[in-house]
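Here are the chains, one letter per residue:
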Amino acid sequence: MGDWHFTLFREFAATGPNGPVTRFRDINTKGVLVLLIFFPNGQRRDWLGETLWPGELEEVQRNRLRYALTMARNAVDKGIFEANSNNYLRISGHWTSDIGEWRARAAAALREANASYRVELLEALLGDKLPVLLPDIGEAWADQLRREWDGELEKVLRATVNALKEIRRYERAAHWVEVFEERFPELDPPYLDLDEPVLASDSFIGRREEYLFLRKWLRGSERSERLITITGQGGIGKTRLAY
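Everything quoted here is computed from the prediction, not taken from an experiment.

1. Side note on the packing of aromatic side chains
- Applying the stated criterion across every chain yields a total of eight aromatic pairs.
- Aromatic side chains Phe12 and Phe24 sit 5.5 Å apart centroid to centroid with 35° between the ring planes, which places their arrangement in the tilted category. Placement of the pair is Phe12 in the loop between β1 (4-7) and β2 (13-16) and Phe24 in the loop between β3 (19-21) and α1 (27-38), with a sequence separation of twelve residues. For the pair shown, Phe12 and Phe24 are each scored as buried.
- Plain terms: the ring middles of Phe180 and Phe184 are 5.2 Å apart, the flat faces sit at 55° to each other, and that makes the pair tilted.
- Judged by its relative accessible area of 0%, Phe180 is buried.
- In this structure an aromatic cluster arises from ring pairing among Trp4, Phe6 and Trp95.
- Over the face of the ring belonging to Phe38 we find Arg103, whose NZ or CZ atom lies 4.5 Å from the ring centre.

2. Quick word on the side chain of Ser97
- Considering the arrangement of structural elements, one finds Ser97 in strand β7 (residues 95-97).
- Owing to a relative accessible area of 5%, Ser97 belongs among the buried residues under this scheme.
- Side-chain polar atoms of Ser97 contact the backbone nitrogen of Gly100, separated by 2.9 Å.
- Once residues lying within four places of it in the same chain are set aside, the contact partners of Ser97 are His5, Phe6 and Ile37.

3. What about the pairing of β1?
- Pairing analysis gives three bridges linking β1 to β7, with the strands arranged parallel. Looking at β7, one finds that Trp4 is bridged to Trp95.
- Sheet topology places β1 next to β2; three bridges connect them, and they run antiparallel. Considered in β2, the bridge of Thr7 is made with Ala13.
- Between β1 and the antiparallel strand that follows it, β2, lie five residues.

4. Structural notes on unusual backbone geometry
- Its identity is not glycine, yet Leu134 carries a phi of approximately 50°, on the positive side.
- Of the residues examined, Leu134 reaches a relative accessible area of 1% and is grouped as buried.
- Not every positive phi belongs to a glycine, and Arg168 is a case in point at roughly 65°.

5. Some remarks on the nonpolar core
- Ranked by internal contacts, the top residues of the largest apolar core, which has 61 residues, are Val32 and Phe81.
- In this structure Val32 touches Leu48, Leu52, Leu65, Ala68, Leu69, Ala72 and Phe81, once residues within four positions along its chain are discounted.

Quick notes on the rules
- Every residue gets a number counted from 1 within its own chain, in the order that chain's sequence is written.
- Local features in this predicted model are restricted to residues whose pLDDT is 70 or higher, and side-chain atom pairs enter the listing and the counts only when it is 80 or higher, whereas totals over whole chains, interfaces and linings include all residues.
- Each side-chain value is derived from all of the structure's non-hydrogen atoms; neither hydrogens nor water enter the calculation.
- We call Phe, Tyr and Trp rings a pair once their centres come within 6.5 Å, taking the six-membered ring for Trp, and we label the pair stacked below 30 degrees between planes, edge-to-face above 60, and tilted otherwise.
- Only DSSP runs of H or I with at least four residues qualify as helices, and only runs of E with at least two residues qualify as strands; both kinds are numbered from the N terminus onward.
- Relative accessibility under 20% of the residue-type maximum defines a buried residue, over 50% an exposed one, and the middle range a partly exposed one, all with a 1.4 Å probe and only protein chains included.
- Only when the NZ of Lys or the CZ of Arg is both within 6 Å of the ring centre and within 35 degrees of the ring normal is a charge said to sit over the ring.
- N or O atoms within 3.5 Å of each other form a polar contact, as long as, within protein, one can give a hydrogen and the other can take it, and as long as residues adjacent in sequence are counted only when both atoms are side-chain atoms.
- By definition in these notes, contact holds between two residues if any of their heavy atoms fall within 4.5 Å.
- One bridge is not enough; two strands pair if DSSP finds at least two bridges between them.
- Buried Ala, Val, Leu, Ile, Met, Phe, Trp, Tyr and Cys residues form a nonpolar core when they are joined through side-chain atoms within 4.5 Å.

Geometric values such as these leave the question of function open.
As structure tokens, then:
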């Protein structure tokens, strides 16, 4: 099989030497390809049959899988699938996918020892908008994959918050906590105690006594003041303290 690239984060497509393929015989032709892309080490034929046609008789599942595999070969490449002696199927040859590339970048970022560089890698990975898996497919098997994908995305979001906490960029960490809560409202978000004496996104040296006084003053429920003026000669840290 020639070089192919598959996309799962937008409309499913297979792009090969002769250009993209976006039209397939039916949704289950897409399904068998998607499942083997999502699980690149392969899956058993009986698992594929049960996942794509749950509750059907085994013979029906086998026949439908055989047909779906044939249609996928016709659409993409005759040699796209390979099987081993344990009845496992996988996509053969050299191929790539957007989810595979995302996973590789995530693994590299999570291994990075330098927290600042780890943050840079993780935030670049997450981007301005979280990747959505198979947005154009509403089948039950796609829902199953999305649940699996949610676990991977949750892990990266939590790691991003923790790395930002490690380098004391608490404001940015709070942003990703909000993103997490919006994406996973049913889960407990990463822990971030905003009542801790967070001074800034980087180092803050000196003026701690003044900082604590102002924080107590501003949070005091019995006070009615709405304006606090910080005065002093230039260079003593007024702006940094207010920040």
